[in-house]
Amino acid sequence: MRKKKLFGTCGIRGPVDEAVTPELIYDLGLGLSTYIGSGEVVLARDPRLTGEMLKHAATAGLLAGGCDVIDIGLAPTPCLSFTTRDLDADAGIMITASHNPPMDNGIKFHNPDGMEYLPDQELDLEEIYFEKRYRKAHWNGVGSVEEYDNAIPKYLSAVIDSVNVEPGIKVVVDCASGAASLATPYLLRELGCEVITLNSNPDGHFPAHSPEPQPWHLEDLRQAVVDLDADVGFAHDGDGDRVVAIDERGVFLKHDTFIASFAKRAAKHHRGGTIVTSVNTSVSIEEVVKEAGGEIARTSLGNLPAAHLGHNAVYAGEPGKSIFPDFSRWMDGIYTAAKFLEIMSSENKKPSQITSEVPSYPMHRENFACPNKYKVDFMRKMRSHLEENITQIRNITDIDGFRINRENGSWVLIRTSGTEPKARMTIEGRTEEEAEELYKTVKKGVKKFLG
Ligand code: MG
């Protein structure tokens, strides 16, 4: 089996001038044009200070290989995906490091239908890169650049046309000074919302807070929702493919509950169908989907695009990320926000009412240090430790790490990180006591095997 050396789970990302250099981006631009054999490539970037430099490096590579570039400038990743599909282009390139720190940057490749490249395609590109198998155009065959400034308006109209939101919802949105600043506030106003923006001027320094929408970065948003008596709050990551929500009381909506809300309605709407979710999400998603007549397929983390396609899913979600196949094949935080407003509006419910319909079980997530060289050994020992010490095991799945499911629906997931010297545990109990007991059992193993 081929193994990726250059690409991670979400394209290539890392510190500029270490992992991500203009030379690398040039090579990949040339590599892509070799791979697709000329054609049109849509190109966008998020507001990182190195974005302009890397965009030009990618452009040079693409032109040298004979591709034409459609430059849409600063735009969210879902808008890049949409424009690639809308203009019938042969590929899309997004220069972004998503939620990483300001000094990082990266690159992601997209198919003509807007979906990000699948692992096999990334491996093909890597092969061209490592074997330096580039095909360069002759002097009179190099590509040309066209600037296209209608990408965001067209994308927003497509979103507006595919949701049904009654005017009058009061929304606070925090775009983290990222690329969604140019889209979400405008979309919400077009949908008739009363909009209050926080950090919605693009700024590659990310001056207000990290572009990772974690609860501890969103205190201002939470406070604003409460103080201004808003109906809901949304926060994006740096490139807008992710969104999280705050309810009308200022409470951060649990990722799994957010996913369950969409999953349940997708299954109902489609009178069944498959919902794809990652291996680390709550059993509550399974429960609401089953009740709505659908079924669940679980997948490894970072694999939503391939998995939703393989299962012909009606909805796919992992923490922070959603794909709505009726609209698109890409993760779209902007569309997700609009869909949540649609639920609020069509069912006349506050976010806390929507989430209260989803069962909530105590969950515990924790990372711990696990040196790379111990990972294999640790996983083996931990597995037999848990198999011995956890009773009433229904089954064990090995999709990503291992997940032990108990008869009563509670579970333990142990995974090792693919990029860092860490292992991760996720525990969901039916009661606090059970969660606590499972936690102690796992911790015992961690202490025994990792010291
Ligand atoms: Mg992102």
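Draft legend 1. Geometry of the pairing of strand β12 (residues 295–299). When strand β11 (residues 274–278) meets β12, the two strands line up parallel, connected through five bridges. Considered in β12, the bridge of I275 is made with I296. One crossover worth recording links β11 to the parallel β12 by way of helix α9 (residues 283–291), and it is right-handed.

Draft legend 2. Broad picture of the packing of aromatic side chains. As enumerated under the stated definition, the model contains 16 aromatic pairs in all. Ring centres 5.4 Å apart and planes at 65 degrees place the aromatic pair F324 and Y335 in the edge-to-face group. Of this pair, F324 sits in the loop between β14 (321–323) and α11 (333–346) while Y335 sits in helix α11, placing them 11 residues apart in sequence. Judged on exposure class, the residue F324 and its partner Y335 are both buried. Both rings, one in F327 and one in W330, keep their centres 6.1 Å apart while their planes meet at 75 degrees; by these two values the pair is edge-to-face. Note on F327: relative accessible area 8%, which makes it buried. Connected via pairs of aromatic rings, a cluster forms that spans F234, F258, F262, Y315, F324, F327, W330, Y335 and F340. It is K5 that lies over the ring of F130; its NZ or CZ is 5.1 Å from the centre. Directly above the aromatic system of W411 lies the positively charged group of R403, at a separation of 3.7 Å from the ring centroid.

Draft legend 3. Spatial organisation of the coordination of the magnesium ion. Within the protein, S98 (OG), D237 (OD), D239 (OD) and D241 (OD) serve as the donor atoms for the magnesium ion, at 2.0 to 2.2 Å. Motif for the magnesium ion, donor spacing along one chain: S-x138-D-x1-D-x1-D. Of the two residues, S98 sits in the loop between β4 (91–95) and β5 (104–110) while D239 sits in the loop between β9 (232–236) and β10 (243–246), which places them 141 residues apart along the sequence.

Draft legend 4. Focus on empty space enclosed by the protein. Applying the stated rule across the entire model yields two cavities of 30 Å³ or more. Put simply, the largest cavity is a space of about 60 Å³. If you go around the largest cavity, you meet 13 residues; those closest to its centre are V243, F258, G320, K321 and S322. Every element with two or more residues in the lining of the largest cavity is listed here: α8 (255–269), β14 and α11. Counted by class, the lining of the largest cavity contains three nonpolar, five polar and five charged residues. Quantified by volume, the second largest cavity comes out at close to 40 Å³. Taken together, T77, P78, S81, K108, H110, E116, D241, W330 and M331 make up the lining of the second largest cavity. Residue assignment for the lining of the second largest cavity shows that the elements contributing at least two residues are α3 (77–86) and β5.

Draft legend 5. How the structure looks around the sheet that holds strand β7 (residues 170–174). What the four strands build is an open sheet, ordered β8-β7-β9-β10; its pairing is mixed. In this open sheet, the two strands that pair with only one neighbour each are β8 (194–198) and β10. Across the sheet, the axes of successive neighbouring strands diverge by a mean angle of 20 degrees, strand direction being ignored. Direction of pairing for β9 relative to β10: antiparallel, over a ladder of four bridges. In the strand pairing of β10, A235 is matched with V244.

Draft legend 6. The packing of helix α1 (residues 22–36) against helix α4 (residues 119–130), seen in detail. At a closest axis distance of 9 Å, the pairing of α1 and α4 adopts a crossing angle of 110 degrees. Accordingly, the angle class assigned to the pair α1 and α4 is roughly perpendicular. As α1 packs across α4, the resulting crossing turns out to be right-handed. The residues of α4 that touch α1, namely those facing L24, D27, L28, G31, L32, T34 and Y35, are Q121, D124, L125, I128 and Y129.

Draft legend 7. Geometry of the layout of surface pockets. Here the second largest pocket is characterised by a volume of approximately 450 Å³. Taken together, 21 residues form the lining of the second largest pocket, with R265, A266, H269, K339 and E342 sitting closest to its centre. Where the lining of the second largest pocket is concerned, the elements lending two or more residues are α8 and α11. No other element matches the six residues that α8 contributes to the lining of the second largest pocket. Here the residues of the lining of the second largest pocket sort into eight nonpolar, four polar and nine charged.

Draft legend 8. Quick peek at unusual backbone geometry. We note that R271 has phi near 50 degrees; this positive angle belongs to a residue other than glycine. Structurally, the position occupied by R271 is in the loop between α8 and β11.

Cut-off values and rules
- Throughout, a residue's number is its position along its own chain's written sequence, starting from 1.
- Only residues with pLDDT of at least 70 get local features here, since the model is predicted, and only at 80 or more are side-chain atom pairs given and counted; chain-wide, interface and lining totals rely on the full set of residues.
- Water and hydrogen atoms were dropped before computing side-chain values, which therefore reflect all heavy atoms in the structure.
- Think of it this way: DSSP has to see at least two bridges between two strands before they count as a pair.
- A helix here means a DSSP run of H or I that spans at least four residues, while a strand means a run of E at least two residues long, and both kinds are numbered starting from the N terminus.
- Think of it like this: strands point away, you trace from the first strand over the helix to the second, and a clockwise trace means the crossover is right-handed.
- Ring pairs are drawn from Phe, Tyr and Trp, using the six-membered ring of Trp, whenever the two centres fall within 6.5 Å, and their geometry is named by plane angle: stacked under 30 degrees, edge-to-face over 60, tilted for the rest.
- Each residue is assigned to one of three classes by its accessible area relative to the maximum for its type, calculated with a 1.4 Å probe on protein chains only: buried under 20%, partly exposed between the two thresholds, exposed over 50%.
- By definition here, charges over rings are those cases where NZ of Lys or CZ of Arg is within 6 Å of the ring centre and within 35 degrees of the ring normal.
- Each metal site lists N, O and S donors within 2.8 Å (3.2 Å for Na, K and Ca). With water left out of the atoms, a site can look as if it is missing ligands.
- Buriedness for pockets is judged along seven lines, at least five of which must meet protein on both sides within 12 Å for an open set on the 1 Å grid over protein atoms alone, while cavities are sets there where a 1.4 Å probe fits but cannot get out, and lining residues have an atom within 4 Å of a point.
- Grid points are joined across faces, edges and corners, and a volume is the space filled by probe spheres set on the points.
- Gly is put with the polar residues, along with every residue not named as nonpolar or charged; the nonpolar set is Ala, Val, Leu, Ile, Met, Phe, Trp, Tyr, Cys and Pro, and the charged set is Asp, Glu, Lys and Arg.
- Inter-axis angles, ranging from 0 to 180 degrees, are taken between N-to-C directions of lines fitted to C-alpha atoms, where helices are fitted over the stretch in contact.
- Angles are sorted into four bins: roughly parallel if under 35 degrees, roughly antiparallel if over 145, roughly perpendicular if 65 to 115, and oblique for all others.
- Crossings are assigned a handedness: left-handed for a near helix turned anticlockwise from the far helix by less than a right angle, right-handed for a clockwise turn.
- Residue contacts follow a heavy-atom distance rule, with two residues in contact if any of their heavy atoms lie within 4.5 Å.

Spatial relationships are all this shows, so hold off on functional conclusions.
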